[in-house]
Amino acid sequence: MEFKDRLKELRAENGRSQTDIARLLCLSKMAVSHWECGDSEPNIAQLKALAKYFDVSIDYLVGYID
């Protein structure tokens, strides 16, 4: 599973919107939308924050492990 799919899945499982994630990371909703469409990817600091927020490893988040 790719990052874009994993992020969508984690958001849905946790009842969070793109706006919620954008606020968490001080980004625009459009930035999160671009991630989920596969048009761009987060930087390492953003990956760390997402992994911590969802309580998963970065490897899981980016699809290296299931």
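Here is what the cut-offs are and how they apply
- Residues numbered from 1 in each chain as written.
- Predicted model: local features only at pLDDT ≥ 70, side-chain atom pairs only at ≥ 80, totals over all residues.
- Heavy atoms only, no water.
- Helix = DSSP H or I, 4+ residues; strand = E, 2+ residues; numbered from the N terminus.
- Buried < 20%, exposed > 50% of the residue type's maximum accessible area, 1.4 Å probe, protein only.
- Contact = heavy atoms within 4.5 Å.
- Core = buried A, V, L, I, M, F, W, Y, C linked by side-chain atoms within 4.5 Å.

Draft legend 1. Structural context of the environment of T19. With respect to the helices and strands, the residue T19 is situated in helix α2 (residues 18–25). Assessed through its relative accessible area of 27%, T19 is described here as partly exposed. Sequence separation between T19 and V32 is 13 residues, and the spatial gap between their C-alpha atoms is 8.0 Å.

Draft legend 2. Structural detail: the side chain of E36. Along the chain, E36 falls in helix α3 (residues 29–37). Beyond its immediate stretch of four places on either side in the chain, E36 contacts K4, L7, K8, R11 and Q18.

Draft legend 3. Broad picture of the nonpolar core. Core analysis: the biggest nonpolar cluster contains 14 residues, and F3, L7, W35, L50 and L61 have the highest contact counts within it. Mapped by element, the contributors of at least two residues to this core are α1 (3–13), α2, α3, α4 (44–54) and α5 (58–61). Looking at this core, the element that brings in the most residues is α4, giving 4 residues. When neighbours within four sequence positions are excluded, L7 is seen to be in contact with V32, W35, E36, L50 and F54.

Draft legend 4. Expanded view of the environment of L27. Its place among the elements puts L27 in the loop between α2 and α3. Setting aside chain neighbours within four positions, we find L27 in contact with A22, W35 and Q46.

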